[in-house]
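Geometric and topological summary
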Amino acid sequence: MLARVRPIVFAGPSGAGKSTLIKKLMTEFPSAFGFSVSHTTRKIRPSEVDGVNYHFVEREAMEKEIAEGKFIENAVYSGNMYGTSIKAVQDVVDSGKVCLLDIDLQGVLLVKKTDLNPYYVFISPPSMEELERRLRGRGDTEEDAMQQRLETAKKEMAYRDQEGLWDYVLINESLEDAYAKLRAFITERYPL
Ligand code: 5GP
């Protein structure tokens, strides 16, 4: 699928602040950006809304749709399936908005093989210690899942400094500062 306007892929470890930054962007520019609502088999969190944050689905249903070719990419993260359906991106593109995607590293590598041609932004925590503090502070993840997420985060961080993978690496030390930098990156590239 070729989007007329380049989408933006946000990657980086869980807890780095991707969703918060995306939310801020969409709140400030509601008519400019639209979120690609992914599918996942993970359990819904109390703060989430089905159809808004994710389409929360059963594994069998998702596997079936993947087999039918309805997904641009999909991956398993911490034991749960996640994926971007063609429709999720198409709906945003059709609305004339810039499509924002929040996906993991496996997803990034898969999207790189498609013709979507997005900008790739890596949101990084200032340190692994701070990432762990933030993930624990969120209080919505059990210890086993937490250990898995921290292990995955370490692996994802190893890709942060890889040459040619990212259009922008943003260190999220303070939300206000990170948002200002992201805003600058974006306003240089899109007529907002
Ligand atoms: P969480 O469970 O914390 O919402 O997300 C876990 C990880 O899955 C995050 O790194 C997030 O970016 C990633 N993720 C969310 N949606 C998708 C998707 O559609 N595809 C892929 N590959 N990863 C996703």
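Rules used throughout
- Residues numbered from 1 in each chain as written.
- Predicted model: local features only at pLDDT ≥ 70, side-chain atom pairs only at ≥ 80, totals over all residues.
- Heavy atoms only, no water.
- UniProt positions renumbered as here; feature names shortened; annotations may be inferred.
- Helix = DSSP H or I, 4+ residues; strand = E, 2+ residues; numbered from the N terminus.
- Axes fitted to C-alpha atoms, helices over the stretch in contact; angles between N-to-C directions.
- Left-handed = near helix turned anticlockwise from the far one by under 90°.
- Contact = heavy atoms within 4.5 Å.
- Nonpolar A, V, L, I, M, F, W, Y, C, P; charged D, E, K, R; others polar.
- Near = heavy atom within 4 Å.
- Polar contact = N/O pair within 3.5 Å; in protein donor to acceptor, adjacent residues only side chain to side chain.
- Pairing = 2+ DSSP bridges.

1. Things to note about the UniProt feature "domain: Guanylate kinase-like" (unreviewed entry) in the chain
UniProt records the feature "domain: Guanylate kinase-like" (unreviewed entry) for residues 5-187 in the present numbering. Helix makes up 41% of residues 5-187 and strand 22%. Its end C-alpha atoms lie 14 Å apart.

2. With respect to the packing of helix α5 (residues 128-138) against helix α6 (residues 143-157)
Running from N to C, α5 and α6 point in directions that differ by 150°, and their axes come no closer than 11 Å. Our pair here, α5 against α6, has a crossing hand that is right-handed. On α6, the residues that touch Met128, Leu131, Glu132, Leu135, Arg136 and Arg138 of α5 are Glu143, Met146, Gln147, Arg149, Leu150, Ala153, Lys154 and Met157. For the contact of α5 with α6, a count of residues per class yields seven nonpolar, one polar and six charged.

3. Focus on the side chain of Arg149
Examined against the element boundaries, Arg149 turns out to sit in helix α6. Excluding residues that lie within four positions of it along the chain, Arg149 makes contacts with Ser14, Arg42, Arg45, Tyr77, Ser78, Tyr82, Leu135, Arg138 and Thr141.

4. Looking at the site of the ligand
Lining the immediate environment of the ligand, one finds 17 residues, of which Ser38, Arg42, Tyr54, Tyr82 and Asp102 sit closest. Here an oxygen atom of the ligand and a backbone polar atom of Gly83 are 3.1 Å apart. One of the side-chain nitrogen or oxygen atoms of Asp102 is found 2.5 Å away from an oxygen atom of the ligand. Those elements giving two or more residues to the shell around the ligand turn out to be β5 (71-77) and β6 (80-85).

5. Describing the sheet that holds strand β9 (residues 168-171)
With parallel pairing, five strands are arranged side by side in an open sheet as β2-β7-β1-β8-β9. Unpaired on one side and paired on the other, β2 (33-35) and β9 mark the two borders of the sheet. Sheet twist, expressed as the average angle between the axes of neighbouring strands with direction ignored, equals 25°. Relative to β9, strand β8 (residues 119-124) runs parallel, the two being bridged by four bridges. The residue of β9 that forms the bridge with Ile123 is Leu170. Relative to β9, helix α7 (residues 175-187) is tilted by about 160°, and along the sheet it contacts β1 (8-11), β2, β8 and β9.

6. Let's talk about the sheet that holds β5
The four strands lie next to each other as β4-β3-β6-β5, forming an open sheet whose pairing is mixed. Edge positions in the sheet fall to β4 (54-56) and β5, since each of these pairs with one other strand and no more. The mean angle between the axes of side-by-side strands here comes to 25°, regardless of whether they run parallel or antiparallel. Its contacts with the sheet put helix α2 (residues 59-67) on β3 (38-40), β5 and β6, and the angle it makes with β6 is roughly 40°.

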